[in-house]
Amino acid sequence: MTSPFSSQRAKTLEALANDTADVLVVGGGIVGAGIARDAALRGLRTVLVEQHDFAFGTSSRSSRLLHGGLRYLAQGRVGLVHEASVEKKVIHHIAPHLAEPLPFIFPTYRGNPDWALWQLKIGVKIYDLLCGGRNLGSSGWLRPAELKDKVPVLNTAGLKGAVRYYDGFTNDARLTLDTLRSAVAAGALVLNYCRFLDARRSEIWDCGLEDRLTDHKLNLRARTVVNATGPWADGLPHSRVKLRVTKGIHLVVERKRVPVPETVVMTEGKRILFAIPWGERTILGTTDTDYQGPIEDVRADVSDVAYVLGITNQFFPGANLTPQDVISVWAGLRPLVADPNGKPSDISRSHEIRNPEPGWWDVAGGKLTTYRLMAEQTVDQIVKALKTSNAVHGSIARCRTAEEPLLPAGEISGSGILPPECTRRVVEHYCAREWAVHLDDVMVRRSSWHYYFPDASRVAERVSGWMAELLGWPEQTRQAELDLYRVRTGLPIPAAPAVKSRPAAPLPA
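The structure displayed is predicted, hence computed values, not measured ones. (Residues numbered from 1 in each chain as written. Predicted model: local features only at pLDDT ≥ 70, side-chain atom pairs only at ≥ 80, totals over all residues. Heavy atoms only, no water.)

A. Representation of the overall build of the protein in the model. Summing up its helical and strand segments, the protein has 14 helices and 18 strands in all. Relative to its length of 509 residues, the protein is compact, with a C-alpha radius of gyration of 24 Å against a globular reference of 23 Å. Once the C-alpha set of the protein is aligned to its principal axes, its extents read approximately 95 × 65 × 45 Å. Relative to its full complement of 509 residues, the protein shows a buried share of 57%. (Helix = DSSP H or I, 4+ residues; strand = E, 2+ residues; numbered from the N terminus. Rg over C-alpha atoms; globule rule 2.2 N^0.38 Å. Buried < 20%, exposed > 50% of the residue type's maximum accessible area, 1.4 Å probe, protein only.)

If you want it as structure tokens, here you go:
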């Protein structure tokens, strides 16, 4: 059976082998997706490859916030806060279905010298001004009695009051996928499960790629190459990136256990954590610790979970959360530009765009919120280099990514901040139009069903049946996909049913 996906993939592979790209983007996270969209909208022949699934790494494992970062303001990083504050409004404009205004309540307590109420009152007003005076909502503050009425489950011992300000809520993986769909609509070719092997340069780059689904190797000629591989960036051939990688984890619990009407900021010293309302769930996180383990398999350990639950129980003493109350967990890496000094949470989230050799760009650091700006600045440099070397002829369109909607209103099926209803039609859309190959592609990144449903394993059984019909999987493949999904997400693999032994035949007389 030939599925819509397999024929689409075959056409993409054929096109790669027969064309020369103006831009090859390596990395299918949010930054790579943004660069591919920008380049394609300007009329450049654009190709993007990703060795895993799209949004496999950091871009599906963030706090899902579009924010300037109030704590960055406290650190004096005004430029970074301004950039991100403007960009969160841009994303709200181009993708309103993935950028919901989200109020934050930041309570303060007696004896906490790191977050004084008077300083926060000034800070949130500056925060509004850094958005151009038009934040996603106006900031203000709450007296203790008002705060108790609004969040009755909050710890009131020593409570002095709170500030209330606005940032945005998104779905990071959906933002990546919809950005890629927008890039493809503008003419880009994108391919997941395709590994960049190496590249040699004469007049242009001769790049070796490998289709990981078939082990087929192919060559692609490209005038420019962009390394946008996030935590993998310093391991790519030709890369000059130096990273300090840190880990952050998030927990999901039933919202009735931590019933916050709006996001509540929780603190431990200068560190900030959040309790974020997400439909019938609450997201808790995050941590920020140096990481040295395997990039492909980042896990939350027992101490990570205990830390987040401990802080949450301090702020919501009636919750009494234990590890058994956790519905799901995700752990991701922050690819920060290397700085050996200071605590992980003190390292700048600013980005760097470097051109270490002709036709090669390394893009590192940054935040989910500023991905579009990073892409614009990168493509600006590429366009200038292409024009200087007379590698392109004719006019190149200006950047339109801050104005052009990601998708037409009628094309956002299956995409949103909350998971869609689990139906065969939605799964078919993911397979036919969003490049889903494996069961976890659908369960984790395209739908978030794995994180949202307490009975995710049962949901996966149903989804795997639909995918088997759509993609032509035999039963053996369907079972293998279920096992792979459970391994990748940490769910237990059911034991094979025991085979009842037959009674021994009587011995002959």
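Next comes the rest of the description.
B. Fine view of a nonpolar patch on the surface. Judged by side-chain polarity, Trp 118, Ile 122 and Ile 126 come together as a nonpolar surface patch covering roughly 320 Å² of accessible area. Inspection of the secondary structure assignment puts Ile 122 in helix α5 (residues 117–130). (Patch = residues over 30% accessible without salt bridge, like charges linked within 9 Å, V, L, I, M, F, W, Y side chains within 5 Å. Areas by Shrake-Rupley, 256 points an atom, 1.4 Å probe, with all protein chains shown as cover. Salt bridge = Lys/Arg side-chain N within 4 Å of Asp/Glu carboxyl O.)

C. Layout of the side chain of Asn 135. Here Asn 135 lies in the loop between α5 and β5 (140–142). Judged by its relative accessible area of 14%, Asn 135 falls in the buried class. At 3.2 Å, the side chain of Asn 135 and the backbone oxygen of Tyr 166 are in polar contact. Apart from residues no more than four positions distant in its own chain, Asn 135 is found in contact with Lys 88, Tyr 127, Asp 128 and Tyr 166. (Polar contact = N/O pair within 3.5 Å; in protein donor to acceptor, adjacent residues only side chain to side chain. Contact = heavy atoms within 4.5 Å.)

D. Seen up close, the environment of Ser 328. Here Ser 328 lies in strand β16 (residues 328–337). The exposure class of Ser 328 is buried, given its relative accessible area of 5%. Separated by 299 residues in the primary sequence, Ser 328 and Gly 29 place their C-alpha atoms 22 Å from one another. Other than its neighbours up to four places away in sequence, Ser 328 contacts His 250, Leu 251, Val 252, His 450 and Tyr 451. Of the polar contacts made by the side chain of Ser 328, one reaches the backbone oxygen of Tyr 451; its length is 2.7 Å.

E. Expanded view of the confidence of the model for the protein. Put simply, the protein has an average pLDDT of 92, and 93% of its residues get 70 or more. Under a pLDDT of 50 for its full length, residues 498–509 has, in the predicted model, zero contacts with residues more than four places off or in other chains. (pLDDT = per-residue confidence, 0-100.)

F. Quick look at the nonpolar core. Ranked by size, the top nonpolar core spans 52 residues in total, and within it Phe 106, Val 427, Trp 449, Val 463 and Met 467 carry the most contacts. Here this core gets nine residues from one element, more than from any other, and that element is helix α13 (residues 456–471). Judged by nonpolar contacts, the second largest core, of 42 residues, contains Ile 30, Trp 361, Val 383 and Leu 406. (Core = buried A, V, L, I, M, F, W, Y, C linked by side-chain atoms within 4.5 Å.)

G. View of unusual backbone geometry. Following Gly 285, the chain continues into Thr 286 via a peptide bond in cis, with omega recorded as 20°. Of note in the backbone geometry, Arg 64 takes a positive phi value of approximately 65° without being a glycine. Turning to its location among the elements, Arg 64 is positioned in the loop between β2 (46–49) and β3 (65–66). Residue Arg 64 is classed as buried on the basis of its relative accessible area of 2%.

H. Representation of helix α11 (residues 439–446) in the model. Burial analysis of α11 places eight of its eight residues in the buried class, which makes it a mostly covered element. Those residues of α11 that sit buried are Leu 439, Asp 440, Asp 441, Val 442, Met 443, Val 444, Arg 445 and Arg 446. Looking at the buried side of α11, the elements it contacts are α7 (172–185), α10 (424–433), α12 (449–452), α13 and α14 (475–489). Backbone geometry just after α11 places Ser 448 at a positive phi near 65°.

I. Quick look at the packing of aromatic side chains. Under the criterion given, the structure shown has 13 aromatic pairs. Aromatic pair Phe 106 and Trp 115: ring centres 5.1 Å apart, planes at 50°, arrangement tilted. When the ring centre of Phe 56 is taken as reference, the NZ or CZ atom of Arg 61 above it lies at 5.1 Å. (Phe/Tyr/Trp six-rings, centres within 6.5 Å; stacked < 30°, edge-to-face > 60°. Lys NZ or Arg CZ within 6 Å of the ring centre and 35° of its normal.)

J. The pairing of strand β14 (residues 281–285), seen in detail. By the criterion of burial, β14 is predominantly enclosed, with five of the five residues buried. As paired elements, strand β11 (residues 243–254) and β14 share five bridges and run antiparallel to each other. By the bridge assignment for β14, Val 253 is matched with Thr 282. Note that strand β13 (residues 271–278) and β14 share five bridges and pair antiparallel. Counted as the bridge partner of Pro 277 is Thr 282 from β14. (Pairing = 2+ DSSP bridges.)

K. How the structure looks around the environment of Arg 77. Examined against the element boundaries, Arg 77 turns out to sit in the loop between α3 (70–74) and α4 (78–94). With relative accessibility at 23%, the residue Arg 77 sits in the partly exposed group. Each C-alpha atom of the pair Arg 77 and Ser 350 lies 9.3 Å from the other, and the pair is 273 residues apart in sequence.

L. Structural view of the pattern of salt bridges. Under the criterion given, the structure shown has 43 salt bridges. Between Arg 45 and Asp 22 there is a salt bridge, with the nearest N and O atoms lying 4.0 Å from each other. Separated by 23 residues along the polypeptide, Arg 45 in the loop between α2 (30–41) and β2 and Asp 22 in strand β1 (residues 20–26) bring together distant segments of the chain. What makes Asp 22 buried here is its relative accessible area of 3%. We note a salt bridge from Glu 403 to Arg 398, for which the minimum N-O separation is 2.9 Å. Owing to a relative accessible area of 52%, Arg 398 belongs among the exposed residues under this scheme. Three or more residues joined by partner-sharing salt bridges are found here, namely Asp 53, Asp 440, Asp 441, Arg 445, Arg 446 and Arg 488.

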